[in-house]
Amino acid sequence: MLHDSSDEDEGGGKGGGADKKVPPINRAVAALNRPTANHVNTGSPSLTTKSEHSSPTLKTTPSHFSPQPNFHAPSTPTQRTLPKIPTSANNSPSVSLRSSTNTNLFPETNNPSMVFNTDTTSIKSDDSSTLSEGHLHPSQQQQQQQQHGSVTKTRSQQPTTTTSNANTSNLSKTLATTTSSSTGTTSSSTGIPIDRAPSPSPSLISEREREENERVERELELKRKRLQIYVFICRCIACPFNSKQSSDMARKHLKITLVQYGVIKERFLAFLNGKTHIEADEAFINAVRSYYEVFLKSERVGKMVQSGGSCSDDFRDVFRINIEKRVRSLPDIDSLKISKDTVLTLWMSKFDAIYRGQDQDLDNSNRRLSKANYMSTSAELIMSKEQLYDMFQNVLSIKKFEHQFPKAYAQLDNNDEQAATIRRELDGRMKQAESLQRQRGLMPKFVHKEMDTLFVDELKKSINDLMSNLESLPVRGGSEQKPLRSKRGPSHSRHGSSSSSGMHSSTKSLHNDGNLDDSEAGLSKLAFVLNFNVNITCKEVRGLKSIPTNRIVYCTMEVEGGEKYRTEHAEAGKPVWESLAEFPTNQILPIIKVKLYMENPGILSLDDNKLGKLSLQIDPTFNKTNWWIDMVKCKNTLTDELKVKLDVRMEKPQNLKMCGWCYARGKNVWKSWKRRYYALVQVSQYCFATCSYREKKSEPTEMMPLEGYTVDYAEPDNGLVMQDAKYFFKAVREGDVVTFATNEENERHSWVQALYRATGQSHKPTPPITATNKSSQGTTAAGQKDQQDADRSKKLGFDEYIQSDPCKFDHHDLFKTLQTGWLSPGQSYVLEEYCSRYGVRGCLRHLYYLNDLLDRAEQGFMIDPQLLHYSYVFCASHVSGSRPDSSASTVTMEEKDRFNEIKERLRQFLEHQVTSFRFSFPFGRPEGALKATLSLLERVLTKDISAPISREDIRFFIRKCLENAAYTNYTRVSDQAKIEGERESQQQNDNETIYNTDDSPRKKIDDLIHLAELCIELLQQDSEHYQEAFQQYNDLLIEHEEIFWSLFAVDMEHVIDQQPIESWDSFPLFQLLNDYLRVHDSLSNGRFHQQLRDTFAPLVIRYVDLMESCIAQSIHKGFEKENWKARTRGCATSEDMLWKLDALQCFIRDLHWPDEMFGEHLEKRLKQMASDMIEACGKRVSRHFEIWIKKGGLIGGTSSDYLLPSECCVMVNVILDCKAQALKLCALHSGDLHQYHTRIDEYLEKILGDMSRALIQKLVSVLDSVLKKLSRYDEGSFFAQILSLAKPINEDGQAYVSCINANLEQLRQKVSDEIFTLNIFEEWYRQQTHFIFTWLGERTEISLHPYQLACLLLIVKKTHGSFELQGVQEKDLNSQAYTTIIQRLHFEETANAVK
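Residues numbered from 1 in each chain as written. Predicted model: local features only at pLDDT ≥ 70, side-chain atom pairs only at ≥ 80, totals over all residues. Heavy atoms only, no water.

Participant: So what exactly am I meant to see when it comes to the packing of aromatic side chains here?
Facilitator: Centre-to-centre distance and the angle between the planes together describe a pair of aromatic rings. Tallying each qualifying case throughout the model produces 52 aromatic pairs. Taking the centre distance of 6.2 Å and the plane angle of 80 degrees together, the rings of Phe 284 and Phe 319 count as edge-to-face. Taken as a pair, Phe 284 in helix α6 (residues 282-296) and Phe 319 in helix α8 (residues 312-329) lie far apart in primary sequence, 35 residues in all. Residue class for Phe 319 comes out buried when judged on its relative accessible area of 0%. Ring geometry for Tyr 565 and Phe 583: centres 4.8 Å apart, planes at 80 degrees, overall edge-to-face. Note that Tyr 565 is positioned in strand β3 (residues 564-566) and Phe 583 in strand β5 (residues 576-585), a separation of 18 residues in sequence. Exposure remark for Tyr 565: the relative accessible area of 32% places this residue in the partly exposed category. Arg 566 extends its terminal NZ or CZ atom over the ring of Tyr 554, reaching a point 4.6 Å from the ring centre. Here the guanidinium or amino end of Arg 972 rests over the ring plane of Phe 919, the centre of that ring lying 3.7 Å away. (Phe/Tyr/Trp six-rings, centres within 6.5 Å; stacked < 30°, edge-to-face > 60°. Helix = DSSP H or I, 4+ residues; strand = E, 2+ residues; numbered from the N terminus. Buried < 20%, exposed > 50% of the residue type's maximum accessible area, 1.4 Å probe, protein only. Lys NZ or Arg CZ within 6 Å of the ring centre and 35° of its normal.)

In structure tokens:
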């Protein structure tokens, strides 16, 4: 861009200081100038401008040393050569370029071995250790001169080759000196001592040595460039007037480093291992374990931390989102008195304690300390100037001691000096713009020819805006009424008659020839009325011995013309006060009065007695503390001596830059040579005036505006020298010379420096070297400080950087080097000031920034898309001519070409970001970054900023990115699951997976299930963290998921085809995938879901067929070998059958088959299968029951010792169990619910009825046999008399009762269904009672034998009690038949008793 290629010395106009002599090596070396022929290597690849996707490098071309400015813009981009920095063994600034952190901020892409080292004594690189061991060989100097001779010849205005040789020799000596101080040797790079240097033969110089010399020269050039940039940056920090640091910055959390990342993982692992004192429940521990395993141990998170894109807030948000999902999914429990929000708050507080390494047993003070020491999340505060200096010292690898020189010599802490520097810079830029207007052919190339005039107008407008900004800075301390500013021309340009002055104005100088009213209306008297504060503290009085100690004394203080203040009362024995009085005044030479009074004790006295007084004139420089001064005694005071101790200070307003007593004489003002009190007053940033004041006056008597004046030291005028006028200086303007004289040298120096800053002149006054100066250096150290700093800076070479004219530099190239990385708010603030102050074009600034950000992104750094978005939109609107400020702006060809290149690079970068969104933005972090990336992508794809891209085009582009993302994500997740084996190198493009044939089918299906779990987890993370960003492309995200699953389907079918036909290990895979897909809003019944259903449908049918055959065979073979041992609910065969039926139905039901029709078909088939199997089981059990119930024959099976076989009870239990399970196994869930259940239930009920009747019939047959035995005792029978001879009691009755009790207990213990058992008991009792009732009814005509009576009484009573105990109801027990039987037996018993 626009730059001045002249390197003339601002003071003397000499070119680059080439004529300066270098002192001997053992002394401090003067400023060493860069060799004019050795500092450029146009053929070096490391100095070429980067045009493709590599990082920007420095490119230099020969610079022309010319006394006249050269605004010519060459055809190729050039870099302005910087002022030279010397190197010295003892006190030279560092020129080595490696920092302690090995940070290379100026990369040389083709020289990877080069490392900047900020060591103060050496210049080394990683690939060379002998370079800094001595001088450059003389032959090296000669060869370098020959190599660059052609370049030297092209410099028409450059000194001769002898100067170049001298400079080269100077550089060699300096390098040798610098090296010797660090290594302790004085040998050259070839090992030859300095005092034995060989002849300068070119044959002795190797190619490697020449390359080393060139590399060292490049390092020196980079060091010079850094130092010069730092000087400009310091000026921007010291006096910003265009931009301000925001006081309402967004919260900026500290980035997490790799070391901190490791510490965080260790803390969470310690918590999980129970090594902390933080109490937590199981739910919180599980949440932390999931967070640790999934997030903290993720490789993507590690890469994000390494790239510098993560902060503590990201780590916290991921955990918060995770636990919110967990806690919100829990059901509400009314009995708990704690809400879910409270749980979340408690969990987050525990997370913070783990994150910061805090235990609950620590006190609050330690917690606060830990929080402050580790990753504080407080917002970034406004940075101080010192913090900004330190920040850019780190950025530019500037050492602390190097910062002290510009700070002291450039007077960074002096706001007046900095404002004057700005005024000189702006004036120089305005001159440059006017010169360019006269030479239009030297302008850069624009996209349109008509932009030439507009370009100059832009420059002038920007400079005028800066002038307005500078002048708008407040100047405090003057009159409350705002002074009128000087009138300006339409363009605000400043031109003066003096060519040496740096301030130019269209306003005429205002002079006052004793009458202020005759001056122009631009300045009023009020502009020079100053506001002061006079502080007087009266502390103590001496000399009151003659006054009684108990008398009261006090003092009064006043500034003449103002209010009066009085101290507190004090006793004369101890007259001590600490009374401070503040007096505001407009007088620059006020008179203060202090009076001492003694209180009159008389009742009728009106006035107190005055003891003494003093009157003192002060000025703004007056400042004394603990000052004893004599008071004038009053007539009636008897003391000999009266003194008062005072603190007097007059506060100077900020717009009073200098004041003091001087002699002056001029042509228009102060025409007589006399002593006056002068003050330099600042009205505004561009308006200064020297005014003379009188005592007790607030307005100046005469004034001289300084616009157009130049100030400098002057030789003493013998005719004007007086006792208090020895040191002279002059203010010169065309047609006027004003001579000043002071009493002291340092006072003159202060006046000259203040006037130099006020005039804004380009020439800096240099104090003359006199014998008085030398002799007074020891006694006037304070006054000579600035001169000493200047001498020291010049001695070390820093004066060239500090005095450099910013207008002669290509600030675009400097800014390109400066603006790197992810800028902090403080950096952005300073760089914004730099751009405004030095005229860096906004478009080029953002293009350089975009180029640097893209370079860093390609190196793996994480870049905030908001930075890219803002810079790109600015550049796009600028190049297209549609800036948001609606102002016409020029567009250069360089800007357009760079923008097109950046646009293509940015498009490719964003395509990569969207394609690898999971790895570019792990877990959706940084927050909102992906959404901002998509928004930026729409901007980049827009061909014309005025016509946005169509939705179809952007959707097509994102569809393509997501398709590639599906393959990328699946490839990585499959590699993680180790499903894919080694890939053949010949098939890398086809991406065919080669499986290890040694793996078993079971191992493959397990790996596939693990892969499916990882795939599901991946898509769940996508839905949780990325779905919001892709909200407007939701259908494309669904298609992305379908493509992802289609890739999985290929591996799935491959593994399933390798499974044996009798293997069912793949069904868990179907359950896992189907459970995920069926509840998914978009993937349910999608392409992959249908493919999954079609793949597993034949397997399910084959599995059901096989299970049906297996169950049928188990029924057939099981019942043939069944031993009818009691089990939990039935026999072994029945339980196995029912379990298989239930397991099969649960398995099919748990599949949640996605096809509703096929699902209903499977359900009906399974229900029908269960009905058939239960029916077959019932038939076989019924057949076996009939066999077992008939066992024992007619005699053994009906005797009174008969016990019902347990096998029969087990068979009953089998049928009961089948009946109980039939509802679950045979009832449908839709349609005709009891289509199969009703039939099987009726069938089983019939079998149970048959079994019940058979059991009762068998048990009643025992009673029948007993009654037959009793029939032999009937009256009149043949056997009655015979059997009576044995005198039986009731043996048959007792035997039957025992049989009844045994069978009741058998049924109660063996039969599982109590209702069924009770029904058998009731029916058994009823039939038994009916059988006895019938038997007695047959014997109504005869009497019962006593034995019969005894047995029947025992049977009836005992069985009644036994059945009652078993739960038979009373109405069934006390039936009519039972009552009749009891009455008959009681009757027979009475009859037998009568006999």
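And the narrative resumes.
Participant: How do you make sense of the pattern of salt bridges when you look at a structure like this?
Facilitator: Side chains bearing opposite charge may pair, as long as their charged atoms lie close to each other. One pass over the structure, following the stated rule, counts 62 salt bridges. Residues Arg 757 and Glu 417 are paired through a salt bridge, measuring 3.6 Å at the closest nitrogen-oxygen approach. With Arg 757 in helix α15 (residues 745-759) and Glu 417 in helix α13 (residues 415-438), this residue pair connects regions lying 340 residues apart in the sequence. Judged by relative accessible area, Arg 757 falls into the buried class, the value being 13%. The class of Glu 417 is buried, set by a relative accessible area of 7%. Put simply, Arg 649 and Glu 651 hold a salt bridge, and the shortest N to O gap is 3.2 Å. The structure contains a network of salt bridges with shared partners spanning Asp 314, Asp 317, Arg 320, Glu 324 and Arg 925. (Salt bridge = Lys/Arg side-chain N within 4 Å of Asp/Glu carboxyl O.)

Participant: Teacher, can you tell me more about the sheet that holds strand β17 (residues 736-742) here?
Facilitator: Each strand in a sheet pairs with its neighbour through backbone hydrogen bonds, running either in the same direction (parallel) or in the opposite one (antiparallel). A sheet is described by the order of its strands in space; here seven strands give the open sequence β14-β13-β12-β11-β17-β16-β15, paired in antiparallel fashion. The sheet is open, and its two edges are formed by β14 (702-705) and β15 (710-714), each paired on a single side. Put simply, the sheet's adjacent strands are angled 35 degrees from each other on average, direction ignored. Bridge count between strand β16 (residues 727-733) and β17: seven bridges; the pairing is antiparallel. Directly across from Ala 731, in β17, lies its bridge partner Val 738. Along the sheet, α15 contacts β11 (656-665), β12 (674-684), β13 (687-693), β15, β16 and β17; its crossing angle with β11, the most-contacted strand, is approximately 115 degrees. (Pairing = 2+ DSSP bridges. Axes fitted to C-alpha atoms, helices over the stretch in contact; angles between N-to-C directions. Contact = heavy atoms within 4.5 Å.)

Participant: What is the right way to read unusual backbone geometry from this model?
Facilitator: Across residues other than glycine, the phi torsion is negative in most instances, and most of the peptide bonds are trans. Of note, the bond from Arg 925 into Pro 926 is cis; its omega dihedral lies within 30 degrees of zero at -10 degrees. You can see Pro 926 is positioned in the loop between α24 (917-920) and α25 (929-941). At Lys 696, a residue that is not glycine, the phi angle is positive and equals roughly 65 degrees. The residue Lys 696 is located in the loop between β13 and β14 in this model. Residue classification places Lys 696 among the partly exposed positions, given a relative accessible area of 40%.

Participant: Would you mind showing me how to read the nonpolar core here?
Facilitator: General note: in soluble globular proteins, nonpolar side chains tend to be found buried as a group. Core analysis: the biggest nonpolar cluster contains 125 residues, and Trp 1045, Phe 1048 and Ile 1174 have the highest contact counts within it. A per-element tally of this core places helix α35 (residues 1237-1271) first, with 14 residues. Excluding anything up to four places from it in sequence, Trp 1045 contacts Ala 1012, Cys 1015, Ile 1016, Leu 1019, Leu 1073, Tyr 1076, Leu 1077, Leu 1083 and Phe 1088. Core analysis: the second largest hydrophobic core is formed by 78 residues, Cys 236, Tyr 409, Leu 844 and Cys 961 among them. (Core = buried A, V, L, I, M, F, W, Y, C linked by side-chain atoms within 4.5 Å.)

Participant: Is there a simple way to think about the pairing of β11 in this case?
Facilitator: The two faces of the sheet receive side chains in turn, since in a regular strand these alternate between them. With eight of its ten residues buried, β11 lies for the most part within the structure. Sheet topology note: the β11/β17 ladder contains three bridges and is antiparallel. Opposite Tyr 663, over in β17, you have Ala 741 as the bridge partner.

Participant: Whenever I open this one, the side chain of Glu 747 confuses me. Can you help?
Facilitator: Mapped onto the elements, Glu 747 comes out in helix α15. Comment: no salt bridge for buried Glu 747; closest opposite-charge side chain is Arg 675, at 7.6 Å. Excluding residues that lie within four positions of it along the chain, Glu 747 makes contacts with Met 658, Gly 660, Trp 661 and Thr 742. (Lys, Arg positive; Asp, Glu negative; His and termini not counted.)

Participant: Please clarify how the confidence of the model for the protein chain should be interpreted in this entry.
Facilitator: Low pLDDT marks stretches whose predicted atomic positions should not be read closely. Per-residue confidence for the protein chain gives a mean pLDDT of 75; residues scoring 70 or more make up 73%. Every residue in residues 1-200 is under pLDDT 50, and counting partners more than four places away or in other chains gives 445 contacts. Counting interchain partners and residues more than four positions distant, the pLDDT-below-50 stretch residues 980-998 has 20 contacts. (pLDDT = per-residue confidence, 0-100.)

Participant: Would you mind going over the side chain of His 1080 with me for this structure?
Facilitator: Along the polypeptide, His 1080 turns up in the loop between α29 (1067-1078) and α30 (1087-1120). Owing to a relative accessible area of 17%, His 1080 belongs among the buried residues under this scheme. Among the polar contacts listed, one links the side chain of His 1080 to the backbone nitrogen of Leu 1083, at a separation of 3.1 Å. (Polar contact = N/O pair within 3.5 Å; in protein donor to acceptor, adjacent residues only side chain to side chain.)

Participant: Even after reading the chapter, I still don't get the packing of helix α23 (residues 893-915) against α25, so can you show me in this structure?
Facilitator: Each pair of packed helices gets described by two things: the angle between the helix axes and the distance between those axes. The N-to-C vectors of α23 and α25 enclose an angle of 145 degrees; their axes lie 10 Å apart at closest approach. Note on packing geometry: the crossing formed by α23 with α25 is left-handed. Taking contact as the criterion, the partners of Lys 903, Leu 906, Arg 907, Leu 910, Gln 913 and Val 914 in α23 are, on α25, Thr 933, Leu 934, Leu 936, Leu 937, Val 940 and Leu 941. A class-by-class count of the residues in the contact of α23 with α25 yields eight nonpolar, two polar and two charged. (Left-handed = near helix turned anticlockwise from the far one by under 90°. Nonpolar A, V, L, I, M, F, W, Y, C, P; charged D, E, K, R; others polar.)

Participant: What am I meant to see in helix α38 (residues 1314-1337) here?
Facilitator: Quick reminder: α-helices carry 3.6 residues per turn. Residues three or four places apart thus point the same way. Across its 24 residues, α38 extends 34 Å between first and last C-alpha, which sits within 8% of the 34 Å expected from 1.5 Å per residue. The complete set of buried residues in α38 reads Phe 1316, Thr 1317, Ile 1320, Phe 1321, Trp 1324, Tyr 1325, Gln 1328, Thr 1329, Ile 1332, Trp 1335 and Leu 1336. Here the buried face of α38 lies against α34 (1206-1226), α35, α37 (1291-1310), α39 (1346-1365), α40 (1370-1373) and α41 (1376-1394). The distance from a side-chain oxygen at the start of α38 to the backbone nitrogen of Ile 1315 is 3.1 Å, and the residue carrying that oxygen is Asp 1313. (Expected span 1.5 Å × (residues − 1).)

Participant: What exactly am I supposed to notice about the sheet that holds strand β8 (residues 623-630) here?
Facilitator: In spatial order, the strands read β5-β1-β10-β8; together these four strands make up an open sheet with antiparallel pairing. Lying at the two open borders of the sheet, with one neighbouring strand each, are β5 and β8. Strand-to-strand twist in this sheet, taken as the mean axis angle between neighbours without regard to direction, amounts to 20 degrees.

Participant: What is the right way to look at the packing of α30 against helix α32 (residues 1156-1189) in this model?
Facilitator: Remark: α30 packs on α32, axes separated minimally by 10 Å, with the N-to-C direction vectors making an angle of 5 degrees. Relative to α32, the element α30 lies roughly parallel. In this structure, α30 uses Ala 1097, Val 1100, Ile 1101, Val 1104, Asp 1105, Glu 1108, Ile 1111, Ala 1112, Ile 1115, His 1116 and Phe 1119 to contact α32, whose residues at the interface are Phe 1158, Leu 1162, Arg 1165, Leu 1166, Met 1169, Met 1173, Cys 1177, Arg 1180, Val 1181 and His 1184. Residue classes in the contact of α30 with α32 are distributed as 15 nonpolar, two polar and four charged. (Parallel < 35°, antiparallel > 145°, perpendicular 65-115°, else oblique.)

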